[in-house]
Amino acid sequence: MKKLIPSLLSADFWCLSEQLNVLLKHGLDTLHIDVMDGVFVPNISLGTPIVASLSQRSHFILDVHLMIEDPEKMVQAFKEAGAHIITVHWEASPHIHRTLQRIKEIGAMAGVSINPGTPVDVLRPVLHLVDLVLVMSVNPGFGGQEFLPEVLPKIEKLKEWQSSYQYVIEVDGGMNPQTAALAIQSGAQWIVAGSSVFRGNVEQNVVDLLKVLK
Ligand code: DX5
Ligand code: ZN
């Protein structure tokens, strides 16, 4: 099933609930929450308090993208805060296999992500463990960057392998109606979009993006 997943990083936190109500009105049921530690990526963003608040006050599925070093130390805290999906970067953990096992053990859906500079083949040994593969289509750390089309062949490969596994293919970074169409054509199912949802008229943006996902 195709899904549009707004990334909260670009939301207007002054009027967050208003913006979230627009998403609900259009049937969007999942939110992407970017967690950055200033070490794995050169930025600091959101953490467990916002996950806890959204989990207590809404029914959104919370898709937590950990852009942090040593993610294994934090997965339990995010699960307790209410995360449904926890995605860790292949590059951030020398023990990615154990980290993914741990996420499953604590009862969350497990995702693994790769940066634009990382070949997709490195994921082969862990694909049987994951519910989601997140292909970064920008270098992680900031919203509003331009889509890198060179990641499309990675999505195609994941699509090819998909029949032997259980994962969903998610793409994150620089998604707008044009680039989302390319990602979907290559085999992406879940489209994460930050600035193209929250900048300007949120309702119109959602309508435009949803047309591509139909
Ligand atoms: C980037 C984050 C993305 C970000 C996407 O490091 O992982 O989720 O919010 O923002 P846009 O859609 O503006 O590229
Ligand atoms: Zn993200």
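The structure displayed is predicted, hence computed values, not measured ones. (Residues numbered from 1 in each chain as written. Chains lettered and ligands numbered in written order. Predicted model: local features only at pLDDT ≥ 70, side-chain atom pairs only at ≥ 80, totals over all residues. Heavy atoms only, no water.)

## Observations concerning the overall build of the chain
A count of helical and extended segments in the chain gives eight helices and eight strands. Since a compact globule built from 214 residues should have a radius of gyration of about 17 Å, the 16 Å found for the chain is in line with a globular shape. Along the first, second and third principal axes, the C-alpha atoms of the chain reach 40 × 35 × 30 Å. Within the chain, the fraction of its 214 residues that count as buried is 56%. For the chain, contacts bridging at least 24 residues in sequence account for 63% of all contacts bridging at least 6. (Helix = DSSP H or I, 4+ residues; strand = E, 2+ residues; numbered from the N terminus. Rg over C-alpha atoms; globule rule 2.2 N^0.38 Å. Buried < 20%, exposed > 50% of the residue type's maximum accessible area, 1.4 Å probe, protein only. Contact = heavy atoms within 4.5 Å.)

## Comments concerning the sheet that holds strand β2 (residues 30-36)
Within the open sheet, the eight strands sit side by side as β1-β8-β7-β6-β5-β4-β3-β2. Their pairing is parallel. Of all the strands in the sheet, the pair left with one neighbour each is β1 (3-6) and β2. Neighbouring strand axes in the sheet, compared pairwise and without regard to direction, differ in orientation by 25 degrees on average. Relative to strand β4 (residues 85-89), strand β3 (residues 61-67) is paired through four bridges, and the arrangement is parallel. The residue of β4 that forms the bridge with Val64 is Ile86. Most of the contacts of helix α4 (residues 96-105) go to strand β5 (residues 109-114), to which it runs at about 150 degrees, and overall it touches β4 and β5. (Pairing = 2+ DSSP bridges. Axes fitted to C-alpha atoms, helices over the stretch in contact; angles between N-to-C directions.)

## Let's talk about the pairing of β5
Looking down a regular strand, the side chains alternate between one sheet face and the other. Taken across its six residues, β5 has five buried, putting it largely inside the fold. Pairing between β4 and β5: five bridges, direction parallel. Along β5, the bridge assignment pairs His89 with Ser113. Note that the unit made of β4, α4 and β5 has a crossover that is right-handed. Note that β5 and strand β6 (residues 132-136) share four bridges and pair parallel. Across the sheet, the residue bridging to Ser113 is Leu134, located in β6. (Right-handed = clockwise from strand over helix to strand, strands pointing away.)

## Some details on the pattern of salt bridges
With the rule as written, the count across this model stands at seven salt bridges. Across the salt bridge formed by Glu105 and Arg102, the nearest N and O atoms sit 3.1 Å from each other. One end of the pair, Glu105, and the other, Arg102, are both in helix α4, three residues apart, so they sit about a helical turn from each other. Classification of Glu105 by relative accessible area gives exposed; the value is 60%. Residue Asp208 is joined to Lys211 by a salt bridge in which the shortest nitrogen-to-oxygen separation is 3.7 Å. Remark: Lys211 and Asp208 occur in helix α8 (residues 202-213); sequence separation between them is three residues, near one turn of the helix. On the basis of relative accessible area, Asp208 is assigned to the partly exposed category, the value being 27%. (Salt bridge = Lys/Arg side-chain N within 4 Å of Asp/Glu carboxyl O.)

## Points about the packing of helix α5 (residues 152-161) against helix α6 (residues 177-186)
Interhelical geometry of α5 versus α6 gives an angle of 35 degrees and a closest axis separation of 8 Å. From α5, Leu152, Ile155, Glu156 and Lys159 reach across to α6, where they touch Leu182, Ala183 and Ser186. Taken together, the residues of the contact of α5 with α6 sort by class into four nonpolar, one polar and two charged. (Nonpolar A, V, L, I, M, F, W, Y, C, P; charged D, E, K, R; others polar.)

## Section: the site of ligand 1
In the vicinity of ligand 1, 20 residues are found, and the nearest of them are Ser7, Gly141, Gly144, Asp172 and Ser195. Within the contact set of ligand 1, an oxygen atom lies 3.4 Å away from a side-chain nitrogen or oxygen of His32. Interatomic distance of 2.7 Å between a side-chain N/O atom of Asp34 and an oxygen atom of ligand 1. Protein burial of ligand 1: of its 380 Å² of free accessible surface, 100% is covered by the chains. Listed by contribution, the elements that provide at least two residues to the shell around ligand 1 are β2, β3 and β8 (190-193). The dominant element in the shell around ligand 1, judged by the number of residues it contributes, is β2, at three residues. Considered class by class, the residues forming the shell around ligand 1 number eight nonpolar, 10 polar and two charged. (Near = heavy atom within 4 Å. Polar contact = N/O pair within 3.5 Å; in protein donor to acceptor, adjacent residues only side chain to side chain. Areas by Shrake-Rupley, 256 points an atom, 1.4 Å probe, with all protein chains shown as cover.)

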